[in-house]
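Residues per chain are reported as follows:
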Amino acid sequence: MSKALEGVKILDMTHVQSGPTCTQLLAWFGADVIKVERPGVGDATRGQLQDIPDVDSLYFTMLNHNKRGMTLNTKSDSGKEIFEKLIKHCDVLVENFAPGAMDRMGFSWERIQELNPRMIYASIKGFGPGKYEDCKVYENVAQCTGGSASTTGMIGDVPLVTGAQIGDSGTGLHLALGIVTALFHRTHSGVGQRVECAMQDGVLNLCRVKLRDQQRLDHGPLTEYPQYPNGEFGEAAPRAGNASGGGQPGWIVKCKGWETDPDAYIYVIAQAAAFAGLAKEIGHEDWLEDPEWNTPKARLPKLETMFAEIEKWTMTKTKFDVMDTLNPLNVPCGPILSMKELAAEPSLRETGTVVEVDHPERGKYLSIGNPIKLSASPSDVKRSPLLGEHTDEVLRELGLDDSAIATVREAGAV
Ligand code: CAO
């Protein structure tokens, strides 16, 4: 079966997490991704959080599958010449350097367009244009500046960052969509374009419902938040603990074993349509006849008591038993699954969402495959390249012969 992005060549100047997430997705869809790294140095993540000495870290290997790797000093004279050839050879250039780095290398958008008018030039920065545009940004900075941290955490407690990498991987996902959209546009316009995504904007987009709540605050308290009706609302959309954030009340409740197992919990949504079954199951058939309990509006001021009653029942069962009991009753719920449980989950292995990959230096390790499944172009996961593994191969494709390759190598350009 052919791959969806077969024939698309990506000049991958990305590093760390946000950019590599984007180019890895494009590689999974079949694009030829050529990752360019500084000779002798490479992407900093190769050496970060290493679990095995002197072997590419899981941080690097899990973000750079299916790519080819070459080294190139884009600041040296002969390196710049090769970089120009690469720009002419490729369809898309992706980078997430600190602001201004590409311009300082001598490759502004204007220069890139001169070299290849069909080039799509895609970038991730921490902030869009404005007073913070020159700042360097990492994941948690983006979570804090994009509205996630101020709206995450327990009520009255400190702001929290989340484990989901919404700043880095989230922005990489946004950028990938921008790139394929620009590629589609190029099929009828014939020209490339600039694609930019700021991490602050990407996080804010994922916090869309919180800006919804900010505006609803002007019209009264947020009745689905635990602060209602007894707590206080300030001027800004507050943290809401584990409340669902949607129109249906939800909370995390303890399950059997919670005293020793930090993940013996389940999220239960007390959806109005399935409330009768839930109430009966937990031994509260009385609620169904009681006007104090039998409408969503009547329950709203008593959600804490309601979830405490639900918890009395869930604490008698494992999280999986609760799931098995409530799902047939159409009660939406989800056990808190640990990474250990997810790594061992057979259904995720079967769909290729969790895959085992073999690496020549580290051996076998687990990774997360492409979560987006295309019926005609399934993704297979191939290991990440070693530093400079495909340098000669790519240089030959650019037209350099053995002696030209030896010359640029001697000059330290690769
Ligand atoms: N050849 C020659 N020079 C190269 C090169 C190559 N192949 N690859 C990189 N370099 C140079 C860059 O040009 C830059 O040089 P200048 O400072 O002279 O312009 C230098 O290496 C360092 O690049 P950098 O500033 O991007 O790297 P950093 O470690 O200092 O900063 C980061 C890292 C992530 C904070 C910054 O790149 C950034 O803010 N990126 C945008 C936002 C982003 O993607 N953040 C997510 C990071 S993942 O958590």
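Keep in mind that this is a model prediction, so the values were computed, not measured.

**Student:** Is there a simple way to explain the packing of helix 7 (residues 168-189) against helix 8 (residues 199-206) in this structure?
**Tutor:** Helix-helix packing: each pair is described by the crossing angle between the helix axes and the interaxial distance. Direction vectors running N to C along helix 7 and helix 8 enclose 95°, while the axes themselves pass 9 Å from each other. By the angle between their axes, helix 7 is roughly perpendicular relative to helix 8. Each of Asp 168, Thr 171 and His 174 in helix 7 lies in contact with helix 8, whose residues at this interface are Met 199, Gly 202, Asn 205 and Leu 206. Residue classes in the contact of helix 7 with helix 8 are distributed as two nonpolar, four polar and one charged.

**Student:** Is there a simple way to explain the site of the ligand in this structure?
**Tutor:** Near the ligand there are 24 residues, and of these Ala 98, Arg 104, Lys 136, Val 137 and Asp 168 occur at the shortest range. Backbone polar atom of Leu 72 to a nitrogen atom of the ligand: 2.8 Å apart, as the coordinates give it. The contact in question runs from an oxygen atom of the ligand to an N or O atom on the side chain of Arg 104, over 2.8 Å. Alone, the ligand offers 960 Å² of accessible surface; in the complex the protein occludes 84% of this. Residue contributions to the shell around the ligand peak at three residues, all from helix 4 (residues 101-105). Split by residue class, the shell around the ligand holds ten nonpolar, seven polar and seven charged.

**Student:** How should the packing of helix 1 (residues 18-28) against helix 7 be read in this particular structure?
**Tutor:** The N-to-C vectors of helix 1 and helix 7 enclose an angle of 45°; their axes lie 7 Å apart at closest approach. With respect to helix 7, the element helix 1 is oriented oblique. Along this stretch, helix 1 crosses helix 7, giving a crossing that reads as right-handed. Between helix 1 and helix 7, the contacting residues are Ser 18, Thr 21, Cys 22, Leu 25 and Leu 26 on the first element and Asp 168, Ser 169, Gly 172, Leu 173, Leu 175, Ala 176, Ile 179 and Val 180 on the second. Partitioned by chemical class, the residues of the contact of helix 1 with helix 7 number eight nonpolar, four polar and one charged.

Parameters at a glance
- Residues numbered from 1 in each chain as written.
- Predicted model: local features only at pLDDT ≥ 70, side-chain atom pairs only at ≥ 80, totals over all residues.
- Heavy atoms only, no water.
- Axes fitted to C-alpha atoms, helices over the stretch in contact; angles between N-to-C directions.
- Helix = DSSP H or I, 4+ residues; strand = E, 2+ residues; numbered from the N terminus.
- Parallel < 35°, antiparallel > 145°, perpendicular 65-115°, else oblique.
- Contact = heavy atoms within 4.5 Å.
- Nonpolar A, V, L, I, M, F, W, Y, C, P; charged D, E, K, R; others polar.
- Near = heavy atom within 4 Å.
- Polar contact = N/O pair within 3.5 Å; in protein donor to acceptor, adjacent residues only side chain to side chain.
- Areas by Shrake-Rupley, 256 points an atom, 1.4 Å probe, with all protein chains shown as cover.
- Left-handed = near helix turned anticlockwise from the far one by under 90°.

Read these as geometric descriptors, not functional statements.
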